[in-house]
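# Notes for the structure review
Below are the chains, spelled out letter by letter.
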Amino acid sequence: MGRLFMRGLKSLLFLYLICVAGLLPAQQLQLMRPSQRYFLPATVKNDTKLVELMQMLRFYYVDSIDDKELVNKAITALLQELDPHSYYIPKEQSEDAMSELLGHFFGVGIEFSLQRDTLVVMSTIPDAPAERVGIRAGDKFLTVNGEKITNIKLTNSKVAKYLRGPRGSSVTLDVLRNKQVAKYTVIRDSVPLHSVDVAYLIRPKIGYIRVTRFAEPTVAEFAWALEQLAFKGATSFIVDLRGNGGGLMQGAFLMASLFLPPGSMVVYAKGRRTGRQDFEAIETGSKFLNTPLVVLVDENSASASEILAGALQDWDRAVIVGRRTFGKGLGQNQFSFADSSLYRITVARYYTPSNRLIQTPYALGERNKYREEFLSRYKNGELFHRDSIHFPDSLKFSTLRTHRTVYGGGGIMPDIFVPLDTVFNSKYVANLLRHGLVGQWVFDYVTAHRDSLVKRYPDIETYKADFSLAPEAVASLVAYAAKSGEALEGGVTSLSDVDIQELNWYTKVYMARSLYSFEAMHRVLHLRDEEVKCALDLLENWETKGRQILEKRE
């Protein structure tokens, strides 16, 4: 059975590569044939106005003008008069945009944190250039190619500018480690942007997989994670799409093929020029067609995430848990100008198998109102109370197998609503987190006490069960915060029980990242994750709870 699945996976990946070869069509599917891509109407009189205006400005305008800046702004303004998801990507940002879709970039390969305006290596990506030359967690970068990068108000975008570059180019780094400075020369190479960043057995027979984006490598990474967790004993799965803003539609369509019988409709697209196009699950040889499945979504799950969740819900294949998704159901094609800048224009709308339109309603050119609609979800209590969401009868649809009621109107409404967590609120701790003070203190604390911490907590399971923050450590953190401008009136004794509880929790989260790994941090986060708890309850009681929802049993 495993060999059959792997043969099917190879076929699936082959088709995937065919789909994404060439132009890499924006965030969704290439819906136009090449012969259609540059179709122009016979009459272009209005178009010539723009050209004429630019010529007149160059020749007559009283001051010299920046042609490039003006044209960029004009293109941006024009596209802003359309739907909310058609937009322009200047040349300077095009490489990053393509990296998100390709699933890799060229750089040194580190995960970093900005601590007191200094770049600190949290970990090196396995077999990436930085690891090859000996850079390791805890190192602090002082200079890049001789240019000082400390105390210059570093940002993530500035770091990317310093460390990314053409494949094969070199970057020289002065690195501080244990109070000594060493010089490294790193040759930039391909660094993966993993779509599946967490995958582990959350229970002996339950696998957890987090998918953060839909890029070129996503299907292969996801299928590999499924197979590895099944090998370790997983017989049911949680697929976490929370915060996943989408990407290439092909990823969702092919991932759905791992869970749906061949020929099952996954999504269809309709456009003015393209007509209707149906996308059906393909044969993969998958052994997961009947595996119990829960999918987690939230208000930041969008685009390809909604296509996958909507298909699995419509076929009564998975229980969807969380909150209503974003509602981004417009398909874009990506085109490039001669200078390598890009533009993405909407060419179709996406519908789930039950005919639900995924896209939230909008008016042309009204982008601010569109954004306000999502803000109103928060203000109206939708993220906290399911009863705040009202659907007219016209937005009721039926699933395809057991004819359960599901809802349209934009986004995917989950089968089980889990409100946004507001129970553990601490204004004091929220301020510390907002200014990055908890993470900075944890980094210093772990650096000073790593050996004793590792001895006390030799593995993540021991850490999860036994970690506690000593009173003197709490006092140290509060004093550190006070030095940084976040003083607590009345001293340490003024901490409320909630303050102490939250300080313990967030130091536990950050310390797991510093002591072990990014995955370990999520293992800790899942201890207090209500959506994950709900999913575990459904899967551990599948016959009486999970299947009952899908089979519409009373």
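Residues numbered from 1 in each chain as written. Predicted model: local features only at pLDDT ≥ 70, side-chain atom pairs only at ≥ 80, totals over all residues. Heavy atoms only, no water.

### Quick word on unusual backbone geometry
For N145, which is not glycine, the phi torsion reads 50° and is therefore positive. Non-glycine residue N355 carries a positive phi angle of around 80°. Secondary-structure assignment places N355 in the loop between β18 (342-351) and α11 (367-379). (Helix = DSSP H or I, 4+ residues; strand = E, 2+ residues; numbered from the N terminus.)

### Quick notes on the sheet that holds strand β16 (residues 319-322)
Strand order across the open sheet formed by six strands is β10-β11-β12-β15-β16-β21, with mixed pairing between neighbours. The outermost strands of the open sheet, each flanked by one partner alone, are β10 (196-203) and β21 (416-417). Here helix α8 (residues 218-231) sits on the sheet and contacts β10, β11 (206-211) and β12 (236-240); the angle it forms with β11, its principal contact strand, is near 165°. Each of β15 (293-297), β16 and β21 is contacted by helix α19 (residues 542-550), which is oriented at about 95° to β16, the strand it contacts most. (Pairing = 2+ DSSP bridges. Contact = heavy atoms within 4.5 Å. Axes fitted to C-alpha atoms, helices over the stretch in contact; angles between N-to-C directions.)

### Overview of α8
With 14 residues, α8 extends 20 Å between its outermost C-alpha atoms, agreeing within 8% with the 20 Å of an ideal straight helix rising 1.5 Å per residue. Two residues or fewer past α8, G233 is found with a positive phi of approximately 120°. (Expected span 1.5 Å × (residues − 1).)

### Brief notes about the packing of helix α9 (residues 249-256) against helix α10 (residues 304-314)
Packing of α9 against α10 brings their axes to within 8 Å, and their N-to-C directions diverge by 20°. The angle between α9 and α10 places the two elements in the roughly parallel class. With respect to the hand of their crossing, α9 and α10 are arranged in right-handed fashion. Facing M249, A252, M255 and A256 of α9, the residues of α10 in contact are A304, I307 and L308. Here the residues of the contact of α9 with α10 are counted per class, giving seven nonpolar, no polar and no charged. (Parallel < 35°, antiparallel > 145°, perpendicular 65-115°, else oblique. Left-handed = near helix turned anticlockwise from the far one by under 90°. Nonpolar A, V, L, I, M, F, W, Y, C, P; charged D, E, K, R; others polar.)

### Section: the pattern of salt bridges
Applying the stated criterion to the full structure yields 27 salt bridges. As a salt-bridge pair, R242 and D240 come within 2.8 Å of each other at their nearest N and O atoms. Assigned by exposure class, R242 and D240 land together as buried. As a salt-bridge pair, E530 and K533 come within 3.4 Å of each other at their nearest N and O atoms. (Salt bridge = Lys/Arg side-chain N within 4 Å of Asp/Glu carboxyl O. Buried < 20%, exposed > 50% of the residue type's maximum accessible area, 1.4 Å probe, protein only.)

### Looking at the packing of aromatic side chains
One pass over the full model with this rule turns up 14 aromatic pairs. With 5.6 Å between their ring centres and 85° between their planes, F237 and F288 make a pair best called edge-to-face. Of this pair, F237 sits in strand β12 while F288 sits in the loop between β14 (275-280) and β15; the two residues are 51 residues apart in sequence, bridging distant segments of the chain. Its relative accessible area of 3% is what places F288 among the buried residues. Ring centres 5.0 Å apart and planes at 40° place the aromatic pair Y463 and F467 in the tilted group. Of the residues examined, Y463 reaches a relative accessible area of 0% and is grouped as buried. (Phe/Tyr/Trp six-rings, centres within 6.5 Å; stacked < 30°, edge-to-face > 60°.)

### A short note on the confidence of the model for the protein
For the protein, per-residue confidence averages 85 on the pLDDT scale, and 90% of positions sit at 70 or higher. Overall, residues 13-40 carries pLDDT values under 50, and its contacts beyond four positions in sequence, including any with other chains, amount to 81 contacts. (pLDDT = per-residue confidence, 0-100.)

### Overview of the nonpolar core
Core analysis: the largest hydrophobic core is formed by 44 residues, its most contacted members being I209, F222, V266 and V295. Among the elements of the structure, β11, α8, β12, α9, β13 (265-271), β15, α10 and β18 are those that each provide at least two residues to this core. (Core = buried A, V, L, I, M, F, W, Y, C linked by side-chain atoms within 4.5 Å.)

### Details of the environment of F518
Relative to the assigned elements, F518 resides in helix α17 (residues 518-525). Considered as a pair, F518 and D197 are 321 residues apart in the sequence and their alpha carbons are 8.3 Å apart. Those residues within four positions of F518 in sequence are excluded, and the remaining contacts are D197, V198, R210 and R513.

### So, the side chain of R344
Residue position: R344 is located in strand β18. Accessibility expressed as a relative area gives 4% for R344, which makes it buried. Here the side chain of R344 touches Y87 through a polar contact of 2.8 Å, side chain to side chain. Side-chain polar atoms of R344 contact the side chain of Q334, separated by 2.6 Å. (Polar contact = N/O pair within 3.5 Å; in protein donor to acceptor, adjacent residues only side chain to side chain.)

### Examining the pairing of strand β2 (residues 104-107)
By the alternation rule, side chains of β2 split into F105 and G107, which are all buried, and H104 and F106, of which none is buried. As paired strands, β2 and strand β9 (residues 189-192) are joined by four bridges and run antiparallel to one another. For G107, the partnering residue across the bridge sits in β9 and is D189.

### Some words on the environment of L296
With respect to the secondary-structure elements, L296 resides in strand β15. It is 9.3 Å that separates the C-alpha atoms of L296 and R210, two residues lying 86 residues apart in sequence. Beyond its immediate chain neighbours, meaning those up to four positions away, L296 contacts I238, V239, D240, L241, R242, V321, E531, V532 and A535.

### Overview of the side chain of R317
Following the sequence through the fold, R317 ends up in the loop between α10 and β16. One buried charge, R317, has no salt-bridge partner; the nearest side chain with opposite charge is E551, at 9.5 Å. A distance of 2.7 Å separates a polar side-chain atom of R317 from the backbone oxygen of F288. A polar atom in the side chain of R317 sits 2.8 Å from the backbone oxygen of L289. Residue contacts for R317: discarding those within four places in its chain leaves F259, L260, F288, L289, N290, T291, L293, L312 and L550. (Lys, Arg positive; Asp, Glu negative; His and termini not counted.)

### Notes on α19
Three or more residues of α19 are buried, namely W542, G546 and L550. Mapping the buried residues of α19 onto a view down its axis gives an arc of 50°, with all of them on the same face. Contacts from the buried residues of α19 go to β15, β16 and α18 (530-540). Note on α19: the residue one or two positions beyond its end, K552, has a positive phi of about 60°. (Arc of directions from axis to C-beta.)

### A short note on the packing of helix α13 (residues 437-456) against helix α16 (residues 497-515)
In the contact formed by α13 and α16, the axes pass within 9 Å of each other and the chain directions differ by 60°. The angle between α13 and α16 places the two elements in the oblique class. For the pair α13 and α16, the crossing hand works out as right-handed. In this structure, α13 contributes V438, G439, W441, V442, Y445, V446, R450, L453 and V454 to the contact, and α16 contributes Y506, T507, Y510, M511, S514 and L515. Residues belonging to the contact of α13 with α16 are distributed by class as follows: eleven nonpolar, three polar and one charged.

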